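In case you want the letters, here they are:
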Amino acid sequence: MAVEDTQPLISHLIELRKRLLYCIIAVFVIFMALIYFANDIYHLVASPLISQMPAGASMIATDVASPFFTPIKLTIIVSIFVAVPVILYQVWAFVAPALYSHERKLVMPLLFSSTLLFYVGVAFAYFIAFPLAFGFFAKTVPQGVTIATDITNYLDFVMTLFMVFGVAFEVPVAIVLLCWTGITTPEDLKKKRPYILVGAFVVGMLLTPPDVFSQTLLAIPMYCLFEVGVFFSRHYVGKGRWAQEEEQHTDS
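Reading the values: the criteria
Residues numbered from 1 in each chain as written. Predicted model: local features only at pLDDT ≥ 70, side-chain atom pairs only at ≥ 80, totals over all residues. Heavy atoms only, no water. Axes fitted to C-alpha atoms, helices over the stretch in contact; angles between N-to-C directions. Helix = DSSP H or I, 4+ residues; strand = E, 2+ residues; numbered from the N terminus. Parallel < 35°, antiparallel > 145°, perpendicular 65-115°, else oblique. Left-handed = near helix turned anticlockwise from the far one by under 90°. Contact = heavy atoms within 4.5 Å. Nonpolar A, V, L, I, M, F, W, Y, C, P; charged D, E, K, R; others polar. Core = buried A, V, L, I, M, F, W, Y, C linked by side-chain atoms within 4.5 Å. Buried < 20%, exposed > 50% of the residue type's maximum accessible area, 1.4 Å probe, protein only.

**Q** Just checking my understanding: could you explain the packing of helix 5 (residues 101-139) against helix 6 (residues 151-168) for this structure?
**A** Helix-helix packing is characterised by the crossing angle of the two axes and by the distance between the axes. Running from N to C, helix 5 and helix 6 cross one another at 130 degrees; their axes reach a closest spacing of 8 Å. When the axes of helix 5 and helix 6 are compared, the pair comes out oblique. In this structure, helix 5 crosses over helix 6, and the sense of that crossing is right-handed. Two secondary-structure elements touch here, helix 5 through Leu117, Phe118, Gly121, Val122, Phe124, Ala125, Tyr126, Ala129, Phe130 and Phe134 and helix 6 through Tyr154, Phe157, Val158, Leu161, Phe162, Met163, Phe165, Gly166 and Val167. For the contact of helix 5 with helix 6, the class distribution of residues is 17 nonpolar, two polar and no charged.

Listed below in structure tokens is the structure:
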């Protein structure tokens, strides 16, 4: 009996190992394709800061090996970023057999939308937030201070912001999941709209330079994403509960 009980666990571990291997291979293949362009990728990511730096100013490398390792580190991160659809598909392939039909109908759109929203959040940070933030910082430099940002510190800074904005744009997915699990309902969320709006501006204040324009640029999209999440939660939660009740009725 003990051997039979361990067989499902072993089969799951073998399946998990296979899915992880596929993810690693995908990241490795993308990394090998991009490694030749590592310096160009870093220059692309650094462009929002470089374009705002005063004439004659430049980025610096305070560590001897950082000009070599920092672009490679960025290329690894970009490879993982590009491989996200493959990684999510492997996650889906691993968990799908254990899901009910109504759960499968919910999870697949959530995986797709969460990936898309994360990319949109990163693009928003790069094309809108970074130019505004770096422009603000460049204009507020004290007299006699020269901007000379270390390339490693800059990479850590922008990667953190990319992650923050990417996660912030996952608001609709979070709302759908909260409603699906019964923690809250679309009706309760609609009653809390004034608080959500204030909270969006607070988040915008914390994540952007201290000016009203930049805060609004982040707060308004976040609030709009909140409304999108409420709208879709009404559809998916209702559909999911109906399907669940049907399956329970059929099983009984």
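**Q** When you look at the environment of Ser51 in this model, what are you seeing that I'm missing?
**A** Its place among the elements puts Ser51 in the loop between helix 2 (38-50) and helix 3 (66-82). In the structure, Ser51 is positioned 84 residues away from Gly135 in sequence and 8.8 Å away in space, judged by C-alpha atoms.

**Q** Would you explain the nonpolar core in this entry?
**A** As a rule of thumb, nonpolar side chains are buried together in soluble globular proteins. Among the nonpolar cores identified, the biggest contains 44 residues, and Tyr42, Met59, Phe130, Tyr154, Val158, Phe162 and Phe165 are the most heavily contacted of them. Elements represented by at least two residues in this core include exactly helix 2, helix 5, helix 6, helix 7 (171-180) and helix 10 (212-251). Broken down by element, this core gets its largest block of residues, 11 residues, from helix 5. Leaving out residues up to four positions away in the same chain, Tyr42 has contacts with Met59, Thr70, Pro71, Leu74, Ile151, Thr152, Tyr154 and Leu155.

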